[in-house]
Amino acid sequence: MTQTVSRPGTGAHEAPLPLDVEAIRADFPILTRTVRDGKRLVYLDSGATSQKPRSVLDAERDFYERINAAPHRGAHQLAEEATGAYESARARIGAFIGAPAEEVVFTRNSTEAINLVAYSLSNAITAKDPAHRRYAVGQGDEIVVTEMEHHANLVPWQQLCERTGATLRWLGLTDGGRLDLSDLATVVNERTKLVAVTQQSNILGTINPLDGIIARAREVGALVLVDGAQSVPHQPVDVATLGADFLVFSGHKMLGPTGIGVLWGRYDVLDAMPPFLTGGSMIEVVRMEGSTFMPPPQRFEAGVPMTAQAIGLGAAVDYLQALGMDRVQAHEEALTGYALEQLQAIPGVTVIGPPDTVARGGAVSFTVEGIHPHDVGQVLDDLGIAVRVGHHCAWPVVRRYGVPATTRATFYVHTGYDDVDALVEGVRAAQRFFGVTPEEERA
Ligand code: PLP
């Protein structure tokens, strides 16, 4: 049944959610369990990792029960079927982001995908094959990130700079939780080799205006890597119109298994890059004196791959595609609007990030005056509500906004208004528990 709600503050009209929450919940076995002495699980931590529908669990189990073999090795029937299932997953995952299969590289997660690019670009300086030196980063070059990045899209670039003598520069943040692009033209300049930027902040929820950033990078001939860990699961993303060179995302945040992620790269760029990890499955010819490497994507997939996980991610994108990414995005936007309105109506609650749904996704971070975020999380947990507390692997962001940490709720396809209501009631319960209920609430 579609959930509706009378939205206080916006009149008494009913705003039905775009997705059928009850039907979707029935697809997620974990949502039938209870927590903390029989309480309904209110899972508001999909931004950290999402729950998995039965079709994803079945796809993985089916692979192990019927097929299990190493793809791209061996001539027996199981190996052939494993190769077919693995490559079919690659093709469907590619189609999900508008990319041909040969541009989809499987990695463990977004973190590994970003490290792959960072190590490949620093290895490029000494690559034996001159064709692999094209995008080499070295002394005097600059890498540009933003102050909004998850550590996964910051620390690998800091490390690349330490290895190569390149310089890291960054775009700052406005007080309103958005990128400050006022110095874009100077920060991204002729020395810039690569711009690495998130499409959607995991902590602020902000959706970034990538067009202008990518256009500036193009003007100076820099590569662009887009961190899609928080966007690809939640909105339609099409690499053909994105205009970037790389896009990374993690399967476990989009209903898929852990241990599988994607590096999408423009084929000509991937083809001009040396490998990151080396070993079996990525070589053309091996002699004692040296080796040559396969073209992409195999060049970047050393060793027996995460086969069941890739197949599970294939099932996850099938599930999302059946729901429709436009509807997934609209669903989360409705929930985000409702949550922002309800939370900001509680005296003492401050949202860290854009206060409305304009260019914003479904990650809602907030502080509660007089209560440490970890204590808020504890009270919510006692009520069966799973949120994330802390710096959310984006330490510079909490530092920028002068808070030690935040409480963060994140939404997904099975989230309903009842989950947001539980969160809002939970925050009020925390205020009562810690004796910080504002005067106006006590009446
Ligand atoms: N980028 C963003 C924006 C994230 O939110 C995360 C994880 O929370 C990552 C990158 C890293 O993802 P993973 O831990 O799956 O590699």
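- In the annotation of an unreviewed UniProt entry, the protein is listed under the name cysteine desulfurase and assigned to Geodermatophilus maliterrae.
- Annotation of the protein in UniProt includes, under Sequence similarities (unreviewed entry), the sentence "Belongs to the class-V pyridoxal-phosphate-dependent aminotransferase family. Csd subfamily."
- UniProt, in the comment section headed Cofactor (unreviewed entry), describes the protein in these words: "pyridoxal 5'-phosphate".

Focus on the pattern of salt bridges
Phase 1: Applying the stated criterion across every chain, the model contains 23 salt bridges.
Phase 2: Among the salt bridges present, the one from E22 reaches R25, with a minimum N-O distance of 3.5 Å. Of this pair, E22 and R25 both sit in helix α1 (residues 21-25), three residues apart, which is roughly one turn of that helix.
Phase 3: With relative accessibility at 37%, the residue E22 sits in the partly exposed group.
Phase 4: The salt bridge partner of R218 is D245, with a shortest N-O separation of 3.0 Å. Within this pair, whereas R218 is found in helix α7 (residues 210-219), its partner D245 is found in the loop between α8 (239-242) and β9 (246-250), the two being separated by 27 residues in sequence.
Phase 5: With relative accessibility at 35%, the residue R218 sits in the partly exposed group.
Phase 6: Residues participating in the shared-partner salt-bridge network are E22, R25, R40, D418 and D419.

Thoughts on the UniProt feature "domain: Aminotransferase class V" (unreviewed entry) in the protein
Phase 1: According to UniProt, the feature "domain: Aminotransferase class V" (unreviewed entry) maps to residues 42-423 in the numbering used here.
Phase 2: Note that residues 42-423 is 37% helix and 17% strand, and that its end C-alpha atoms are spaced 8 Å apart.

Digging into the domain arrangement of the protein
Phase 1: One can read the domain layout of the protein as domain 1 (21-52 + 324-442) and domain 2 (69-321).
Phase 2: The straight-line distance from the C-alpha centre of domain 1 to that of domain 2 is 30 Å.
Phase 3: At the junction of the two partners, domain 1 supplies 39 residues and domain 2 supplies 36 residues.
Phase 4: For the pair domain 1 and domain 2, the two sides together bury roughly 3,000 Å², of which 52% comes from carbon and sulfur.
Phase 5: By the criterion of area lost to domain 2, the three top residues of domain 1 are M325, R400 and Y412, representing 20% of everything that side buries.
Phase 6: Here domain 1 and domain 2 share one salt bridge between them.
Phase 7: One salt bridge in this structure joins R400 and D175, with 2.8 Å as the shortest N-O distance.
Phase 8: Between the two partners, domain 1 and domain 2, sit 28 residue pairs in polar contact (both at pLDDT 80 or more).
Phase 9: Those elements giving two or more residues to the side of domain 1 that touches domain 2 turn out to be α11 (325-344), β14 (363-368) and α13 (395-400).
Phase 10: Taken together, the residues that form the side of domain 1 that touches domain 2 break down as 20 nonpolar, twelve polar and seven charged.

Remarks on the sheet that holds strand β6 (residues 167-171)
Phase 1: If you walk across this open sheet you meet the seven strands as β4-β10-β9-β8-β7-β5-β6, and the pairing is mixed. One side of each edge strand has no neighbouring strand; the edge strands of this open sheet are β4 (104-107) and β6. In this sheet, adjacent strand axes meet at a mean angle of 20° when their direction is disregarded.
Phase 2: Here three bridges tie strand β5 (residues 142-146) to strand β7 (residues 192-198), and the two strands are oriented parallel to one another. The partner of I143 across the bridge, within β7, is L194.
Phase 3: Strands in contact with helix α3 (residues 77-96) are β4, β9 and β10 (261-265); relative to β4, the strand with the most contacts, it is inclined by about 115°.

Digging into the sheet that holds strand β16 (residues 388-390)
Phase 1: Strand order in the open sheet formed by four strands is β13-β14-β17-β16, with antiparallel pairing between adjacent strands. Strand pairing shows two members of the sheet lacking a second neighbour, β13 (349-351) and β16, which therefore form its edges. Averaged over all neighbouring strand pairs, the angle between strand axes comes to 30°, with direction disregarded.
Phase 2: With three bridges connecting them, β13 and β14 associate as antiparallel partners. Within β14, the position partnered with V349 by the bridge is V368.
Phase 3: Contacts from α11 reach β13 and β14 within the one sheet, and its direction differs from that of β14 by about 5°.
Phase 4: Helix α14 (residues 417-433) rests against β13, β14 and β17 (406-410) of the sheet, and its axis sits at about 15° to β14.

A few points about the pairing of β7
Phase 1: Among the seven residues of β7, six are classified as buried, and the element is accordingly described as predominantly covered.
Phase 2: As paired strands, β7 and strand β8 (residues 223-227) are joined by five bridges and run parallel to one another. Note that in β8 the partner of T198 across the bridge is D227.
Phase 3: In the classification by handedness, the crossover that spans β7, the intervening α7 and the parallel β8 is right-handed.

Quick look at the packing of helix α2 (residues 54-67) against α3
Phase 1: Two elements in contact, α2 and α3, have axes whose closest approach is 10 Å; the angle formed by their N-to-C orientations is 160°. One element, α2, and the other, α3, form an angle in the roughly antiparallel class. In this structure, the crossing between α2 and α3 has a hand that is right-handed. For the pair α2 and α3, the contacting residues are F63, R66 and I67 in the first and L78, E81 and A82 in the second.

Quick notes on the rules
Residues numbered from 1 in each chain as written. Predicted model: local features only at pLDDT ≥ 70, side-chain atom pairs only at ≥ 80, totals over all residues. Heavy atoms only, no water. UniProt positions renumbered as here; feature names shortened; annotations may be inferred. Salt bridge = Lys/Arg side-chain N within 4 Å of Asp/Glu carboxyl O. Helix = DSSP H or I, 4+ residues; strand = E, 2+ residues; numbered from the N terminus. Buried < 20%, exposed > 50% of the residue type's maximum accessible area, 1.4 Å probe, protein only. Domains from an automatic or database assignment. Contact = heavy atoms within 4.5 Å. Buried area = accessible area lost by both parts, 1.4 Å probe. Polar contact = N/O pair within 3.5 Å; in protein donor to acceptor, adjacent residues only side chain to side chain. Nonpolar A, V, L, I, M, F, W, Y, C, P; charged D, E, K, R; others polar. Pairing = 2+ DSSP bridges. Axes fitted to C-alpha atoms, helices over the stretch in contact; angles between N-to-C directions. Right-handed = clockwise from strand over helix to strand, strands pointing away. Parallel < 35°, antiparallel > 145°, perpendicular 65-115°, else oblique. Left-handed = near helix turned anticlockwise from the far one by under 90°.

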